[in-house]
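Descriptive structure summary
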Amino acid sequence: KSNTLDIELVIEDIKDTVPVCSSEQFEVDILEGTVDGSTVFALGSPTCNDADLSDTLTFTITGGTGASIFEFLNSGVNDGTIIVSTGGKNFLEYDLVLASYPPIWSLDIQIEDSVGMSTITKVLIYVQPVNEFTPVFTNVPASGYYATFINPLPEDTTVNTKIALVSALDSDYGNDGNLRFDITSLKDLSSGTPVLIVNTKFNIDPITGYIYLGSALDRETVQSYELEITVHDQAIMPIPTNQKVAIEQLRITVGDVNDQYPRCDPQVYHSSIDVSGAKDGNKIATLSCTDDDEVLTPNAILTYLISSGNTGDTFTVDKGGNMLLNSASLLNKDTIPYYELSIKVTDNGAIPLSTSAIVIIDIITTANKAPVFQDGNGIRRIEVLESIAVGSTISAVYSPFLADDVDENDPTKVLEYYIDSTVIGQRPPSSTASLATPIDPPFSIYCCPWSDVGNIKTAVVVTTAPLDAESVSRWDVTLKVVDPAPHSASDTLLLHIYVRDVNDNAPKCTATDANGRVIVDVSESATKDYIVANLKTFCKDADEGDTARLMFKIDAASDRDFFDLEESTGIVTLRQDLDYELREQHWLTVTVRDQRNLESRSDVYFKVIDENDNSPVFEPAETYVSVMENVAGTTTLKEIKWTDVDGTSPNNQVKTAIQGKLTPTPNPVNPFTVTLIGGDMVRIELVNVFDRETYPSFELEVLGVDLSTTLGVPGQLTGTATIHIVIQDVNDNPPVFTSNSLNTDVKECTPIGSVATKVTATDDDIGINAKITYGITSSTGPGPQSDFIFNTATGEFVTQVALDRENLSRQSYTFVIAATDGKYTNSQTLTITITDCNDNPPTFSVPLNTITLEITEIRPAPQTAMPLSLDYGQQGTDADEPGTVNTDFLFEIKAGVGKERFSIDSETGEITSLVKLDREEATEYTLLVEVKDKGVDPGQHTTSVTVHIDVVDENDNDPIFQNSKYEAVVKELSPVGTSIMTVLATDQDKDGNALVSYSIDTTREDGVVPNNVNMFSLSSVTGIILTNNVLDYEKKSKYTFYVKAEDSGAPSRHSFALLHIFVTDINDNDPVWINTQSANFYSLEFVYDLSDGTPVGKVEALDADSGLYGRVIYKMVSPTEKSNVFELDEVTGNIRLQVEKTLLPYQRYRLSIGAFDNAAPTRASECAIRIDTFVASQHLVRMTVASNEDDFINSANLNNFISHLTNIIQTQYPTGRAALSHYMRLDVSGRRRRSLLQRVSGISAYVYGVRNNEADTLSGIDNNKPLLTSREALKLFQQDPSGTPVSALQTPTLSNTPITKVEGYPVTLETTVPFLQTPGGIILMILVALALAALLALAAYGLYRLYMWLKGRPGKPAHALKPKPKPKPKPKPVNESKPEPVQSKPKPSGNGKKKFKKTIRKVMTMNKLASGKAIDPSTGKVYVYNKLTGTTRWLTTTEGKSISQLKPVDVKKIDDPNPLRVHD
């Protein structure tokens, strides 16, 4: 056999383990500017903990550079949360700490448990910068925008030339201070309104800010640009929301260079001169020559020179290009019949450019008239396609044959036509040949025989060779017509023959290497959106015009993600930055197509040029080291490694490492050395140590330089490393007081417990070495030292007694104060002087007399009465310090009726009226003047004087209405012109000033805005007010406006009265039904087994008229046999079941009721009523409501109660509704019931539901009205069989009628009705009576037989056998079969004891009221009762008085207009 035993061992913990942290050293980052109280790091569990159970850890800062600026939350007890505690200093401002404090703080921390076991750890707190500063552009000229290095910028500047520099500074550190530049927009400023254009002209180096020319300039196209330059920090795209941006403008003016040749149009001029009328200076022709270079500059100023053909200097040309006759005497047609002059047109540029023009001058005489071409202007324009066939006619010319005498009209003479000259007038833009390049003319002229036009000869010009628009786009052909000898007179015609292009050439791209490829060099510094090539510079179409417009498309690419090609411009841009170190070459295969779908394909290679774009990088780039300020000898501080990721040498070679910027700069010796060791390492050493108080820290910049050992070489880059060197403190400085003499003033009113003054000493050391403790070494008075409490930690003197300057022995205090840091001590003397406060009131030695003054009424203000004078020195004293504000006075009017009408000079006491005074308003004024000193600390003190001012009378009165407000009454619909009332005003002035006229004021007065004042008129003389329009009581029953009374003075005076006109009602409105289910329709339901006289519903109508006109009575209209079971209360509208009438269940009844007003003739309206009956047990649900009766039947609460139930029903039946059948009070009956007023403990509400609203309208009066069964209702309202309401009924919205229980309709009701009065009791009584009657009958029969038997016996008289007659029963009181009123005493029970029990007392509602009336025998008062529920109530009149007996005349009075209310 065996057994088991469970043993539970409890191991009790002892404190035997040392606290442990997860690391010996923690590193934490904190943002600069972190405010005091902010959490830095949490050392609590699980970072540091103790394995012992429920042990308490205490965290203590024992040392470190940050010991004075950080602390533990809750003093470190059980909380290892480190928080900032700088005392408001800038220890955590990154931009300051680099110069004054170490940007890294160390904390030595001890963690100790409750038994003294401890461990230590270290926390290094790194201060990280915050992006605080917005970049700022520097070196911005006074004009407010940048300009180019050369301004204006010559238009022939080479592409990729540096043209400008923008610079900016950012005071942040690291990436927050690294800047990147971008060109965000480019505007053409040449036009009046700047226009945004696509930037293909300029590029910017995002790092250096240098701006380069991206494509060639042309001043003749755009004269000036404006670039919007942005700079943002972080050097990241896209710009994050925390980056900061600045914007500046660069304006570029394009300077002109002489790159435009002069142009003459036309280039050949024809003219003639008549010898007979020629004179020196005659103008023969004007050359039309221009130069597109900048106007009014030498580049566009032209000079003219006759270079050939000017025999004998016959002609000259002036500076305006006018051809002039220089020597008329030399003209001789027979010797020189014409001149052909060559004119050289030259501009005045530094390198002059020139062109030539031809002037042909025919010499004629009066008798020899030259033939003339019919083109009157001497020029004809002709267009021809380059595809025209050789030998085709391009033009026909003709000229009349003219002669100067009869002989010359010989018809046999023939005009001679020939081409005088053919020159190239214009080459297409794509042509590289000059105009002077020779080419054979492709034209000829042929003359025809006489035409039938008369003496007009024609000729035609035909092509003799193919035309080529790509070579020559315009030919200038000079035709000449000459008459026969001897005269040889002629005329010329210039033909401008424009050769129009046809698409006969495919685009071609010019290769730049032997393999037929287009090679483009691109610097790896090119960034996203940079234009790397314009393919139109390589790809051309020999055609001209729109047919030569090229389209470009990428067919293949090495990297499609790197390039974008603009289809129409051929511009190739970068989609991302290039990097030689990642890829050295990219290529595209491009298809070039013209507008006629002729195309070619070319390979374009982009060769990435390596740039020295990577600086040497040190690892780490930033580091912190520390050293004690008293260390001696050379010490190695740090060794760091460098790398350079450029792809080619020498870009990736570091030549030297040197010391860069050192902050601060020590004087006179540099304590550090920087040495390059091993090719890729740099060593930093300390060779001298400085005083930490002079140099608490250094920031040493180490520079790694590539390409050269000399700084400043172009393209050279440097890498930097920053070494933060912190000098650790030793205690080598004594405390020093902030001043040599410590003197301070303290006000005598300083409250007890206030800091009176504070002594402060500083110690150049930091941390614990700078912690100062103060002490008082001696006190020399005269004030006692005990008047102050001295705080040795803060140096504060706190008052502990009330100070009093007026006490001579306490006007000053002297102390000797010592300050020590634990090693060094210093002393200083402190003197505290008590200064005056205004703590004494002025006290006057004699009482002030009352002063009386006079001022005339209505005189212009201000009027001066007289000054008051209170001489402080003579009339009183003030214990405060003389000669101060505490003993100087101010005057002020403080009180008096009408004081607002006067002012007083606060310094002199001079009283002045502020308004015109009116003697009729006040004959005198009495003012209370306050005299106050000027003290402000702690307050002022005052005294007073009384001043009487008498007002001298003048005439100054307004007309005054008899009443300021009038009221009048007028019937609505009164005829226009009906007199309403009369207003009257009087004026205390006389004569014309008292003559008053009246008017209705149409302006706003006292907040009353006239409304419909045109409804009335006012007689200006009599003041009678008449109706001006027909009034309507129902639209507006009251009118309010002002009437004005104005006298006849000059200027006039006036006043106003407010008028209220009330419009009374007449009977002009019909009654309107309210509270209906729909228009003029009521739908009602109730249980069928009502007692007669019970109200079943109520109708109600309102009449918009007032008084008797608006009082409504109700009458049955068109009664039917079925509706006669109901009666109607004419006053209240209550509908009752008639006495001795019964209803059947589930029946439908219809009523028609009229509402009539009390006017004669009467006005009426009619409504329809539907009444449905039902069985209570089948449809009612009982809800127990924890509310008193008044709260339950409150209209808002009851409506909310029904509405809430309806909402629940509509979740199942969307158009259903809920209704209240009746309710009962839960009462306490018994000994304590002394009146009908009982203490209510709750309400039982009996409710039911209707499934839909189809029978709730007049149109649906015959529709079925389905009621919810009790079971269906319980499913909606009951949560469980115990009666718990569903959650939707347990809601705060029912807080005034909270439902505590939901249950079915009870089969029997617990009431106080005696059983014998119930239907069952009555039946039982009838059965018992029948049984008793049968027994009595048997007994009588037995007695009769006995009597007969005895009668036959001898010796007994017959009368002895007669039974005694039974006494007659006493008549029952009139109310014996009815429930007693509540106040009647309870009847004793069968055992003689009185019983008290909680009963349900039923209260009648719309559907349940009373079964009959009875008289209480003890009081004689009348009450009503309900047989079913056993409830009773007193009957009252409409005034609330009790009815002591029932009379026929009282029937209407006892009807309750609100059947929901029980009058207790």
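Small disclaimer: the values here were computed from a predicted structure and weren't measured.

**Points about the overall build of the chain**
In terms of regular secondary structure, the chain is built from 7 helices and 96 strands. Put simply, the chain has 1464 residues, and 42% of those count as buried. The contacts in the chain between residues at least 6 apart in sequence include a share of 69% that link residues at least 24 apart. In the structure as shown, the chain presents an accessible area of about 75700 Å², 52% of it carried by carbon and sulfur atoms.

**Some points on the side chain of aspartate 256**
One can find aspartate 256 in the loop between strand S19 (245-255) and strand S20 (263-264). A distance of 3.1 Å separates a polar atom in the side chain of aspartate 256 from the backbone nitrogen of glutamate 294. Side chain to side chain, aspartate 256 and asparagine 299 meet in a polar contact 3.0 Å long. When neighbours within four sequence positions are excluded, aspartate 256 is seen to be in contact with Glu155, Arg219, Glu220, Asp293, Glu294, Thr297 and Asn299.

**Overview of the side chain of aspartate 1157**
Here aspartate 1157 lies in strand S87 (residues 1148-1157). At 5.1 Å, arginine 1163 is the nearest oppositely charged side chain to aspartate 1157, a buried residue that forms no salt bridge. Reaching out from aspartate 1157, the side chain makes a polar contact with the side chain of asparagine 1067 at a distance of 3.1 Å. Apart from the residues within four sequence positions on either side, aspartate 1157 is in contact with Asn1067, Asn1069, Pro1071, Asp1103, Tyr1109, Arg1111, Thr1162 and Arg1163.

**Observations regarding the state of the cysteines**
Going through the model one piece at a time under the given rule, you end up with 4 disulfides. The residue that forms a disulfide with cysteine 264 is cysteine 289, at a sulfur-sulfur distance of 2.0 Å. On the sign convention where negative means left-handed, the S-S torsion of about 105° between cysteine 264 and cysteine 289 marks this disulfide as right-handed. In this pair, cysteine 264 sits in strand S20 while cysteine 289 sits in strand S23 (residues 289-290), placing the two residues 25 residues apart along the sequence.

**Quick notes on the nonpolar core**
Residues Phe1126 and Ile1169 are the most contacted members of the largest nonpolar core, which totals 34 residues. Mapped onto this core, the elements with two or more residues apiece are strand S81 (1081-1087), strand S84 (1112-1116), strand S85 (1126-1128), strand S86 (1134-1137), S87, strand S88 (1164-1174), strand S90 (1217-1229) and strand S91 (1240-1250). Counting residues in each nonpolar core, the second largest holds 28 residues, with Ile1208, Ala1218, Val1286 and Leu1294 among its members.

**Quick notes on a nonpolar patch on the surface**
On the surface, a nonpolar cluster with roughly 490 Å² of combined accessible area is contributed by Ile1322, Ile1323, Ile1326, Leu1327 and Leu1330. Relative to the assigned elements, isoleucine 1323 resides in helix H7 (residues 1319-1351).

**A few points about helix H6 (residues 1270-1277)**
Residues of H6 that are buried include every one of Ser1270, Ala1273, Leu1274, Leu1276 and Phe1277, and no others. When H6 is viewed along its axis, its buried side chains cluster within an angular range of 160° and face the same direction. In H6, the exposed positions that point more than 90 degrees away from the buried face belong to Arg1271 and Lys1275.

**Let's talk about the pattern of salt bridges**
The full count for this structure, using the stated rule, is 37 salt bridges. In this structure, arginine 500 engages glutamate 383 in a salt bridge whose closest nitrogen and oxygen atoms are separated by 3.2 Å. With a gap of 117 residues between them, arginine 500 in strand S35 (residues 490-500) and glutamate 383 in strand S29 (residues 379-385) connect regions that are remote in the sequence. According to the relative accessible area criterion, glutamate 383 is partly exposed, its value standing at 49%. The network of salt bridges with shared partners includes Glu1085, Arg1170, Asp1172, Arg1217, Asp1256 and Lys1265.

**Side note on the sheet that holds strand S61 (residues 825-835)**
A sheet is described by the order of its strands in space; here 4 strands give the open sequence S54-S61-S60-S57, paired in mixed fashion. Because the sheet does not close on itself, it has two edges, and the strands there are strand S54 (742-747) and strand S57 (773-779). When the angles between neighbouring strand axes are averaged without regard to direction, this sheet yields 30°. Here strand S60 (residues 812-820) runs beside S61; their pairing, made up of 9 bridges, is antiparallel. Paired with alanine 819 across the bridge in S61 is asparagine 826.

**Observations concerning the packing of aromatic side chains**
Aromatic ring pairs are described here by two measures, namely the spacing of the ring centres and the angle between the planes. Applying the stated criterion across every chain yields a total of 30 aromatic pairs. Between phenylalanine 1192 and phenylalanine 1201, the ring centres sit 5.5 Å apart and the planes meet at 70°, which makes this aromatic pair edge-to-face. Comparing phenylalanine 1192 with phenylalanine 1201 shows no difference in burial state: the two are buried. Here the aromatic residues Phe788, Phe790, Phe797, Tyr813 and Phe815 are joined through ring pairs into a cluster of three or more. Across from the ring centre of tyrosine 498, 3.9 Å away, lies the NZ or CZ of arginine 381, which sits over that ring. Cation over ring: lysine 1036 sits above tyrosine 1039, and NZ or CZ is 5.1 Å from the ring centre.

**Points about the sheet that holds strand S27 (residues 338-347)**
What holds strands together in a sheet is hydrogen bonding between their backbones, with the strands either parallel or antiparallel. In space, the 4 strands of this open sheet follow the order S21-S28-S27-S24, with mixed pairing throughout. Only two strands of the sheet have a single neighbouring strand rather than two, namely strand S21 (268-274) and strand S24 (302-308). Neighbour-to-neighbour, the strand axes of this sheet turn through a mean angle of 30°, independent of strand direction. With 7 bridges connecting them, S21 and strand S28 (residues 354-364) associate as parallel partners. From the neighbouring strand, isoleucine 273 faces S28, where its bridge partner is isoleucine 363.

**What to know about the environment of glycine 321**
Topologically, glycine 321 is positioned in the loop between strand S25 (315-317) and strand S26 (322-325). With sequence-adjacent residues up to four places away left out, glycine 321 is seen in contact with Ala285, Thr286, Leu287 and Tyr304.

**Brief notes about the pairing of S61**
For a regular strand, side-chain orientation follows a simple rule: the groups alternate between the two sheet faces. In this structure, S54 lies alongside S61, joined through 6 bridges in parallel fashion. Across the sheet, aspartate 745 pairs through a bridge with threonine 833, a residue of S61. Counting the residues that bridge the hairpin from S60 to S61 gives 4 residues, and of these glycine 822 lies at a positive phi of roughly 95°.

**Digging into the confidence of the model for the chain**
On average, residues of the chain score 78 in pLDDT, and 80% of them are at 70 or above. Per-element averaging of pLDDT across the chain places strand S93 (residues 1397-1403) at the bottom with 35 and strand S89 (residues 1181-1185) at the top with 95. Throughout residues 1228-1240 the model reports pLDDT below 50, and contacts reaching past four residues in sequence, or to other chains, amount to 35 contacts. A low-confidence stretch, residues 1309-1313 stays under pLDDT 50, and its non-local contacts, those more than four residues away or across chains, total 15 contacts.

**Brief notes about helix H5 (residues 1195-1210)**
A rise of 1.5 Å per residue sets the reference length of H5, with its 16 residues, at 22 Å; its end C-alpha atoms lie 22 Å apart and thus fit the reference within 8%. Burial in H5 covers these residues: Asn1197, Leu1198, Phe1201, Ile1202, His1204, Leu1205, Thr1206, Ile1208 and Ile1209. The N-cap residue of H5 is asparagine 1194: its side-chain oxygen and the backbone nitrogen of alanine 1196 are 3.0 Å apart.

**Considerations on the environment of serine 118**
Inspection of the secondary structure assignment puts serine 118 in strand S9 (residues 118-128). Distance from serine 118 to phenylalanine 59, taken between C-alpha atoms, is 9.6 Å for residues 59 residues apart in sequence. The residues touching serine 118, leaving out its near neighbours within four places in the chain, are Val18, Pro19, Gln110, Ile111 and Glu112.

**Thoughts on unusual backbone geometry**
Cis geometry marks the peptide bond from serine 45 to proline 46; its omega dihedral reads 10°. In this structure, proline 46 sits in the loop between strand S3 (39-42) and strand S4 (48-49). One non-glycine residue with positive phi stands out, namely aspartate 313, at about 50°. Position of aspartate 313 relative to the elements: it lies in the loop between S24 and S25. Positive phi, close to 55°, is recorded for tyrosine 1146, a residue that is not glycine. As for its placement among the helices and strands, tyrosine 1146 is situated in the loop between S86 and S87.

**A look at the environment of valine 798**
Residue placement: valine 798 occurs in strand S59 (residues 796-799). When the C-alpha atoms of valine 798 and alanine 756 are compared, they prove to be 5.6 Å apart, with 42 residues separating the residues in sequence. Beyond its immediate sequence surroundings of up to four residues, valine 798 is in contact with Gly753, Ser754, Val755, Asp787, Phe788 and Ile789.

Parameters and conventions
Residues numbered from 1 in each chain as written. Predicted model: local features only at pLDDT ≥ 70, side-chain atom pairs only at ≥ 80, totals over all residues. Heavy atoms only, no water. Helix = DSSP H or I, 4+ residues; strand = E, 2+ residues; numbered from the N terminus. Buried < 20%, exposed > 50% of the residue type's maximum accessible area, 1.4 Å probe, protein only. Contact = heavy atoms within 4.5 Å. Areas by Shrake-Rupley, 256 points an atom, 1.4 Å probe, with all protein chains shown as cover. Polar contact = N/O pair within 3.5 Å; in protein donor to acceptor, adjacent residues only side chain to side chain. Lys, Arg positive; Asp, Glu negative; His and termini not counted. Salt bridge = Lys/Arg side-chain N within 4 Å of Asp/Glu carboxyl O. Disulfide = S-S within 2.5 Å. Core = buried A, V, L, I, M, F, W, Y, C linked by side-chain atoms within 4.5 Å. Patch = residues over 30% accessible without salt bridge, like charges linked within 9 Å, V, L, I, M, F, W, Y side chains within 5 Å. Arc of directions from axis to C-beta. Pairing = 2+ DSSP bridges. Axes fitted to C-alpha atoms, helices over the stretch in contact; angles between N-to-C directions. Phe/Tyr/Trp six-rings, centres within 6.5 Å; stacked < 30°, edge-to-face > 60°. Lys NZ or Arg CZ within 6 Å of the ring centre and 35° of its normal. pLDDT = per-residue confidence, 0-100. Expected span 1.5 Å × (residues − 1).

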